[in-house]
Each structure stands twice: as C-alpha cells, then as structure tokens.
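One letter stands for each residue in the lines below.
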Amino acid sequence: MLQNSIYIEIMFISIAVPVFLLVQVKSGVFRLVHQKLFSQVLGLVVLSSSLDFLSTALDGQQFMMADVFNGISYAFYFASSAVMSFCWLRFSGYAMNFSFWKDKKKLTLLSIPMAVSVFVSVMSLWTGWVFQLDDFNYYHRGPLYMVAVLGSYFYMALSMVLAFYKAAFKRNFADRDLYFSIASLGLLPIFAIFLRMLLGDIPTTTPGIALAMLLTFATMQARMITLDPLTRMNNRSQLNVYLTGKMDDSEDNGRLYRVSLKISKYKKICDIYGYAEGDNALCLVANVLKSICGPRGFFMSRIYRDEFVIVADLENDDAVKELCDAIRANLEKKAIGLPYKIRLDVQKSKL
C-alpha cells in the first residue's frame, strides 16, 4: 500500500510539473519560436506521462475490455514518447542555431527513427513486438522493445552530441552555457530510462523527463531576463551589470573600450521594406557581431532598437579601428543581395 502511494505521488508530481510549465509558457507575453517549440515538447510530455500512469494503473486489472484499454495505453505511450523526443531535437536545434530544425528534407530523414518507433509501438497491439499482455493483463517486454526505446531517445542523445560539439568547437562564448545546459538536460531522461530498465518497476523515466523540462524552463527564463529576444544578444540591463563588474576590475583600467554601433537610416529601411525586413537587418548585424567579436571574447549587447554596444579589451585606438573595419567588411559581404545597404555609424569611448 505504501509503495503504491509513493508511486502515485511521484507520477502526480511528474505530470503536474509539465502541466504547470505548459500553462506558464502559453500565458507568456511573448510568442517566440523557441517557446512554441518548447510548448510542443511540454504537451507531449504531459500526454506520454499520463499514458505511462494510465497503463501502469491498468496493469493486471480484470474488468471488461481492460486488456484493450491497457494495450492502447502502452502503445500510445511508446508512440508519444518517440514524437516527444523528436520535438525535443527540433527545440534543441533551434536553440543552438542549427538549420535542420526547419529544413523539411533534413527533418524527414531525421524523423525515420521516430516513424519506426511509432510504427512498431502501434503494431504491438496485434504483433507483440514492443510489449505483450499475458492472460492476466500484465505487461511484458516484447522482442523489439529496445528498437522502440532506442528509436525514441536517439534524438536526446543526438541533441547532447550536437550541444557538446557547439560548446567545444565553436568559440561562441556567450552561448556556451546554453550548449552545456542542453547537453546536461539530455542526460537526465536518458539516465532515467536506463535506470528503469535496470531496476524494473521503479518509475524513474517520467520524473527524469519532468526534471529536464523544469531545468529547461528555468534556463529559458534566465536567458529571457538577460537576452534580447530578437537577436539573442545581451540586453541593456546585462550591459550595465557587465560594466559595473569591469569598472571594479583594476586590471582592465586603461584598456577597455566601449564601441557603439547604430544602423544608419534604419527607420527608412522599415518604412520602405517593412518592419519584418527591419528585423532581418537587425539579426544580420547581430550575427556579424557574434562572428567577429565572439571568438575574441568581447561583450556584445543590443541596447536599443537599432543600436548595439561592444565592450572590448584593446591595446589602443588602432585596434578599435581594426575591429570596426572587420565588422564593416563582414557586414558588406553578408548584405550582398539585399535591396538596401546596411551602414553602421560608430562611436567609441575609452572606459
């Protein structure tokens, strides 16, 4: 009786947490892409967790059509877990700026393990491939159980590999915390799944996934506080925090420069080509700044609609000029093909 009570409490919390997070994301002020993708993951986590609880509750029950309901619960639990894992990869791909998350051809190829897992899971209602129910309506693993599990959670393993790759080989220091966070979060559900495979009936998978969702949500909220939602650069408040810390650091005195960059005639771009194209111009400038300043470890922020700030530890004014020339040259290459020109007005000051 005590064991059943503990199990019910664990499952209730594991379902309540993603439900709460889903409500929070849906009621948010912003409707950004990463929030939409994350809400899809949360919805599927709620569905798979509920089916997990329902199938366990129906296991061994003896009433009319109990085996039918139990089989359907197990089949769709495995299927929804596969879809949830695939959606997690899409969310991770967007968060790490990989192009595959919106490329239909690449997503089709990546969806093959998910499709296989869904197929064998649903077909198990008749074939017993992934799971089987005995005469007493008790669950047993089928011969293709590992195919369904590996087909589902292959995506979380892939997201970890991609995150470690970005963190280790891409010198984008501003996003390294996010990459390591995604890699770490993927470990929780995978560890929980294999723990459940070893320990049997102990419910570790669902709590592990719920904890991963909670940590992901906390990471997203923290980044929204410090990052500009459009360009995903530091915002004005984060600039003030950074400058305060730098001013207290005597080692940086005399070598610290603040470089302000403003898009020339930005309002004209928006009036002629629309605000969507204006947003594209802002993102283009932001990406150029990240590619030039990120590898050098400089602080970057968007502090106003069309104004950016770089805080850099440089030797002299010539080094500042070299930096600005590199930004302008790279921006000119990236802007080829646009119906307008993007020019930057630059102001520098020594801190």
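The coordinates are above.
The notes below deal with the structure included here.

The rules behind the values
- Residues numbered from 1 in each chain as written.
- Predicted model: local features only at pLDDT ≥ 70, side-chain atom pairs only at ≥ 80, totals over all residues.
- Heavy atoms only, no water.
- Helix = DSSP H or I, 4+ residues; strand = E, 2+ residues; numbered from the N terminus.
- Buried < 20%, exposed > 50% of the residue type's maximum accessible area, 1.4 Å probe, protein only.
- Contact = heavy atoms within 4.5 Å.
- Areas by Shrake-Rupley, 256 points an atom, 1.4 Å probe, with all protein chains shown as cover.
- Salt bridge = Lys/Arg side-chain N within 4 Å of Asp/Glu carboxyl O.
- Phe/Tyr/Trp six-rings, centres within 6.5 Å; stacked < 30°, edge-to-face > 60°.
- Lys NZ or Arg CZ within 6 Å of the ring centre and 35° of its normal.
- Pairing = 2+ DSSP bridges.
- Core = buried A, V, L, I, M, F, W, Y, C linked by side-chain atoms within 4.5 Å.
- Axes fitted to C-alpha atoms, helices over the stretch in contact; angles between N-to-C directions.
- Patch = residues over 30% accessible without salt bridge, like charges linked within 9 Å, V, L, I, M, F, W, Y side chains within 5 Å.

What follows deals with the overall build of the protein. Of regular secondary structure, the protein possesses 12 helices and six strands. Buried positions account for 46% of the 351 residues belonging to the protein. Across the protein, every contact between residues at least 6 apart in sequence was considered, and the portion connecting residues at least 24 apart equals 70%. Entry remark: accessible area of the protein is about 18,400 Å², with carbon and sulfur atoms responsible for 63%.

For side chains bearing opposite charge, pairing can occur when the charged atoms are close. Counted according to the given criterion, the structure contains four salt bridges. A salt bridge links aspartate 306 to lysine 262, with the shortest nitrogen-to-oxygen separation between them at 3.1 Å. Of the two residues, aspartate 306 is situated in the loop between β4 (299–304) and β5 (307–313) and lysine 262 in strand β3 (residues 256–263); the sequence distance between them amounts to 44 residues. Aspartate 306 sits in the buried class, given a relative accessible area of 3%. The salt bridge partner of aspartate 325 is lysine 321, with a shortest N-O separation of 3.0 Å. Of the two residues, aspartate 325 and lysine 321 both sit in helix α12 (residues 317–334), four residues apart, roughly one turn of that helix.

If you walk through the whole model with that rule in mind, you get 13 aromatic pairs. Centre to centre, the rings of phenylalanine 78 and phenylalanine 131 are 6.3 Å apart; their planes meet at 15°, and the pair counts as stacked. Here phenylalanine 78, found in helix α3 (residues 66–95), pairs with phenylalanine 131, found in strand β1 (residues 131–133); they are 53 residues apart in sequence, far enough to count as distant. Look at phenylalanine 78 and you get buried, because its relative accessible area is 9%. Judged by relative accessible area, which is 3%, phenylalanine 131 ranks as buried. Through pairs of rings, three or more aromatic residues link up here, namely Tyr74, Tyr77, Phe78, Phe131, Tyr139 and Tyr145. A cation over an aromatic ring shows up here: arginine 232 above the ring of tyrosine 94, its NZ or CZ 5.0 Å from the ring centre.

Moving on to the pairing of β3. Counting buried residues along β3, six of its eight residues qualify, which places the element largely inside the surrounding structure. Bridge analysis of β3 against β5 gives seven bridges, and the strand direction is antiparallel. Bridged to leucine 256 within β5 is aspartate 313. Relative to strand β6 (residues 344–350), β3 is paired through seven bridges, and the arrangement is antiparallel. Bridged to tyrosine 257 within β6 is lysine 350.

Among the nonpolar cores identified, the biggest contains 49 residues, and Phe38, Val41, Met84, Phe100 and Met213 are the most heavily contacted of them. Of all the secondary structure elements, the ones that give two or more residues to this core are α1 (2–26), α2 (33–58), α3, α4 (104–110), α5 (112–127), α6 (145–169), α7 (176–199) and α8 (205–226). Ranked by the residues each element gives to this core, the list is headed by α3, at 13 residues. Leave out the neighbours within four places in its chain, and phenylalanine 100 touches Leu89, Gly93, Lys106, Leu107, Leu110 and Leu162.

If you walk across this open sheet you meet the four strands as β4-β5-β3-β6, and the pairing is antiparallel. The outermost strands of the open sheet, each flanked by one partner alone, are β4 and β6. Within this sheet the neighbouring strands show an average axis-to-axis angle of 20°, counted without direction. With five bridges joining them, β4 and β5 adopt antiparallel strand pairing. Along β5, the bridge assignment pairs phenylalanine 299 with valine 311. Helix α11 (residues 275–293) rests against β3, β4, β5 and β6 of the sheet, and its axis sits at about 5° to β5.

Attention now moves to a nonpolar patch on the surface. On the surface, Phe63, Met64, Met65, Val68, Phe69, Ile72, Phe76, Leu125 and Trp126 cluster together into a nonpolar patch covering about 960 Å² of accessible area. Broken down by secondary-structure element, the contributors of at least two residues to the nonpolar patch are α3 and α5.

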